[in-house]
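Each chain is listed here by its residues.
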Amino acid sequence: MAGSGTAHLRPAGDALLRVEDLTVEFPVGRNRVVHAVSGISFDIVKGETLGLVGESGCGKSTTGRALIQLPRPTAGQVTLGGSDLTGLDEESMRILRTKAQMIFQDPISSLNPRRAVGEVVAEPMHVWGPADKNAQWEMVSSMLEAVGVDPDSARYKYPHEFSGGQCQRISIARALVLEPELIICDEPVSALDVSVQAQILNLLEDLKAQYGLTMVFIAHDLAVVKNISDRVAVMYLGKMCEYSESDDLYANPAHPYTQLLLDSLPIPDPGIQLQTDVTDDGELPSPINPPSGCRFRTRCDRADDVCVQLEPTMRRVSDDHFVACHHPLVAVEEASVQISPASVIPGGESA
Amino acid sequence: MTSDAADQPVLVVEDLRTHFLVPAGAVKAVDGVSLSLQRGKTLGVVGESGSGKTVLARTIMGLNIAGNAVTTGSVKYGGKELVGRSSKEMKQLWGTEMAMVFQDPMTSLNPVVKIGRQLVEHVRVHLGASKAEARSIGTELLHSVKIPDADERFDVYPHEMSGGMRQRVCIAMALACSPDVLFADEPTTALDVTVQHQILNLLGSQQRNHNMAMMLVTHDIGVVAGRTDEIAVMYAGKIVEKAPTSALFNEMRHPYTEALLNSIPQTTKPKHTRLSAITGRPPDLINPPSGCSFAPRCPYARPKCHEEEPQLQAAGSSGHEFACHTPVGSPAAKEAFEANISEGLPQALVIAGHGIASEDDPTVWAS
């Protein structure tokens, strides 16, 4: 799987964020390298939400962090609003970071326990906001109100006095207070109860409408991702398997891995026969020495010699649906049909 | 509550209460729960964090060893009363008669002991096996929970395994002495969706093979839907609805059960479907609200709900019980919902699609 290729990208001018052939590798000693992300390409237009989904270890969080150059990717391009972030020096990057903010998974540990909430949310203001403290507080309090936290009672309270859901609201307020163009949400609801999860998902949708946010939403739960995303990218072991408009992805999954993920979802309806005979007992192979060709082939029942030798590239299923698979579950156009004129990288860099 | 009346329940819990005494008062974590477990059947226990589901499982097993826990009521296992027994007496039952699989497979294994030794130690204590026998039993157990290369994996440390593999080891450990009752406390919450599916399938097949009674505790009503015979929904330390699984989903009566189900995003709905979140937070268990404890968050609440606590009552189909004055689908609920909307009650407005559900009830921060 795991495909390379940029067939799914839209013309360069349209996108707020454009990521091409993003590669992140971590050296782990003895000349070994963890191939965390290997040649991912995607783009997001303004006001769109892209869901990144996959199992733990598939590189989705690393991708999210590499977008804001934390750490800087090993190779590839990240273009945000016309400027290429990978080529920027530290100071220009520091200025540009105000345009891309992040929300993390664990709401409690992402807030400083020894700082009052008013201070936590105002911190970005101290660096970038108006000098006047009252003007700062006005912006902070309106943001807290927008996320459903009472600003006056929360101002002097500490994070431990709030529940997980409220801490996540506060993190969201902190991320939004500088009015960024891009929000990267790294599993923002995984640590929350279903009822609180629903509140936060609704809140993110409201804020998106209110502030015209563009979001990258990283999660391992396909149902959550479908609910919030306009488009979804399915990742496996550092590669992208499938990229699609979200309703279509769930209606017509083209990649065997997407199908596996969907079959694994618990369905809150006892009338539906569970796929208890799904034979997959596989584990993610090591990203230090990923399988050759398609990286999913070790767990795929459709895999054959082609999958061992050749890495699949992105192929078009329909206008908004692309898959990187030699034996997809639905009909696709031939690999030669490339929408984007952008360079196609044949094969992966990994062995 | 028994779907097969001929079968004697293996475990009967009656009016079980666990209160934790703290300076501010008694935290009523489990407050009058009655249920029974049948051999070969699975009971799902569902609720939010803090609803008392984990404490319930731990209380039944006698694992609440905190000094401030006060347990009353009755837990009868094979006719013998378990409440009031000391840990020393309970130890004879742990592992051999009842066992538990915990949420976090990393913290429930000893990180500095090889998994084989942890498994064998357990087998040796309970079955009195020799070292060599224990090793072969251990390898077989690892094999039975589908750990590849069981023989080699016997000598690895927990950190060398993935979360899913560690949870398999925990399941193997729990099953080592063929217990009659297995408690699985959020066994898949820390795991990926594909691994969750594998682990739940494994638990199901082991339960059938060993003909055990199983109690599956989870916050995800989707997890229990296809894998249980009966479901108990807990809220604020009490069971608010209990029914055979299909009856629960087909004739849902309690507003909390409905709210739990509706707050889950579903892949069958189009993208950007608005979720009906539950307004507010679970109540303070030291001073729970008077009347129905869900009333402050309930879109169908009437004045009566705030005054009089509803008792479990039988619903239409057999074995279906719920505790509510305005059950879902009743004319009373419809009337109350309309009244609440016209009064501008936040929880009703949120269901109707207006306003943001906030945890700070009763205020709604208008969007």
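Only a predicted model underlies this, so the values are computations on that prediction, with no experimental measurement involved. (Residues numbered from 1 in each chain as written. Chains lettered and ligands numbered in written order. Predicted model: local features only at pLDDT ≥ 70, side-chain atom pairs only at ≥ 80, totals over all residues.)

Things to note about the overall build of chain A
In terms of regular secondary structure, chain A is built from 11 helices and 12 strands. Computed over the C-alpha atoms, the radius of gyration of chain A is 21 Å, within 12% of the 20 Å expected from 2.2 N^0.38 for a compact globule of 351 residues. The principal-axis extents of the C-alpha atoms in chain A amount to approximately 65 × 55 × 45 Å. Scored against the burial criterion, the 351 residues of chain A give a buried share of 54%. For chain A, the share of sequence-separated contacts (at least 6 apart) that also reach a separation of at least 24 residues comes to 68%. (Helix = DSSP H or I, 4+ residues; strand = E, 2+ residues; numbered from the N terminus. Rg over C-alpha atoms; globule rule 2.2 N^0.38 Å. Buried ≥ 20, exposed ≤ 12 C-beta atoms within 10 Å, placed from the backbone. Contact = placed C-beta atoms within 7 Å.)

Comments concerning the interface of chain A and chain B
Taken together, the contacts link 48 residues of chain A with 45 residues of chain B. Contributions of two or more residues to the side of chain A that touches chain B are made by helix H6 (164-176), helix H7 (194-211), helix H8 (222-228), helix H9 (246-251) and helix H10 (256-264) of chain A. A total of 10 residues in the side of chain A that touches chain B trace back to one element, the largest contributor, which is H7(A). For the side of chain A that touches chain B, the class distribution of residues is 19 nonpolar, 15 polar and 14 charged. (Nonpolar A, V, L, I, M, F, W, Y, C, P; charged D, E, K, R; others polar.)

Things to note about the sheet that holds strand E3 (residues 42-46) of chain B
Strands in a sheet are paired, the pairing made by backbone hydrogen bonds, and the direction either parallel or antiparallel. Residues and elements named next belong to chain B. One open sheet accounts for 8 strands, arranged E6-E7-E8-E3-E9-E10-E12-E11; its pairing is mixed. Strands at the two margins of the open sheet, each flanked by one partner only, are strand E6 (98-101) and strand E11 (313-314). Pairing of strand E7 (residues 181-185) with strand E8 (residues 213-218), which is carried by 5 bridges, proceeds in the parallel orientation. Following the sheet pairing, Ala-184 is matched in E8 by Leu-216. (Pairing = 2+ DSSP bridges.)

Here we look at the packing of H10(A) against helix H7 (residues 193-210) of chain B
Packing of H10(A) against H7(B) leaves a shortest axis separation of 8 Å and a crossing angle of 50°. Taken together, H10(A) and H7(B) sit at an angle that is classed as oblique. Seen along the crossing, H10(A) lies across H7(B) with a hand that is left-handed. The segment H10(A) lies against H7(B), with A:Leu260, A:Leu261 and A:Ser264 engaging B:Val193, B:Thr194, B:Gln196 and B:His197. A per-class count over the contact of H10(A) with H7(B) returns 3 nonpolar, 4 polar and no charged. (Axes fitted to C-alpha atoms, helices over the stretch in contact; angles between N-to-C directions. Parallel < 35°, antiparallel > 145°, perpendicular 65-115°, else oblique. Left-handed = near helix turned anticlockwise from the far one by under 90°.)

Side note on helix H3 (residues 115-127) of chain B
Residues and elements named next belong to chain B. Between its first and last C-alpha atoms H3 spans 18 Å; for 13 residues at 1.5 Å apiece the expected length is 18 Å, and the two agree. Looking at H3, one finds that the buried residues are Ile-115, Gly-116, Leu-119, Val-120, His-122 and Val-123. Down the axis of H3, the smallest arc covering the buried residues is 155°, so these residues share one side. Looking at the buried side of H3, the elements it contacts are helix H4 (131-144) and helix H6 (163-175). Gly-128 sits one or two residues past H3 and shows a positive phi near 65°. (Expected span 1.5 Å × (residues − 1). Arc of directions from axis to C-beta.)

Side note on the confidence of the model for chain A
For chain A, mean pLDDT is 86; residues scoring 70 or higher make up 91% of the total. Note that pLDDT drops below 50 for residues 336-351 of chain A; the model gives that stretch 28 contacts with residues more than four away or on any other chain. (pLDDT = per-residue confidence, 0-100.)

Brief notes about the environment of A:Gln197
Residues and elements named next belong to chain A. Inspection of the secondary structure assignment puts Gln-197 in helix H7. In this structure, the C-alpha to C-alpha distance between Gln-197 and Gly-165, residues 32 residues apart in sequence, is 7.7 Å. If sequence neighbours within four positions are ignored, Gln-197 has contacts with Val-189 and Leu-192.

A word on the sheet that holds strand E12 (residues 321-323) of chain A
Residues and elements named next belong to chain A. The strand order across the open sheet built from 8 strands is E6-E7-E8-E3-E9-E10-E12-E11, with neighbouring strands paired in mixed fashion. On the outer flanks of this sheet lie strand E6 (100-103) and strand E11 (315-318), each paired with one strand and no other. Taking each pair of neighbouring strands and ignoring which way they run, the sheet shows an average axis angle of 20°. Of the pairings in the sheet, the one linking strand E3 (residues 49-53) to strand E8 (residues 214-219) comprises 5 bridges and is parallel in character. The residue of E8 that forms the bridge with Leu-50 is Val-216.

Digging into the pairing of strand E9 (residues 230-235) of chain B
All names here are of chain B. With respect to burial, E9 is a largely interior element, 6 of its 6 residues being buried. With burial as the criterion, each face of E9 is covered, one bearing Glu-230, Ala-232 and Met-234 and the other bearing Ile-231, Val-233 and Tyr-235. Here 4 bridges tie E3 to E9, and the two strands are oriented parallel to one another. Bridge pairing in E9 places Val-45 opposite Ala-232. Judged from the 6 bridges that link them, E9 and strand E10 (residues 238-244) form a sheet pairing that is antiparallel. Its bridge partner lying in E10, Ala-232 is registered against Lys-242. Counting the residues between successive antiparallel strands, the hairpin from E9 to E10 contains 2 residues, one of them, Ala-236, with a positive phi of roughly 50°.

Topic: the nonpolar core
One finds A:Val121, A:Ala173, A:Val216, A:Cys241 and B:Ala172 to be the most contacted residues of the largest nonpolar core, which totals 207 residues. A:Val216 has contacts with A:Ile44, A:Leu50, A:Leu52, A:Gly64, A:Leu67, A:Ile184 and A:Cys185, leaving out every residue within four places of it along the chain. (Core = buried A, V, L, I, M, F, W, Y, C linked by C-beta atoms within 7 Å.)

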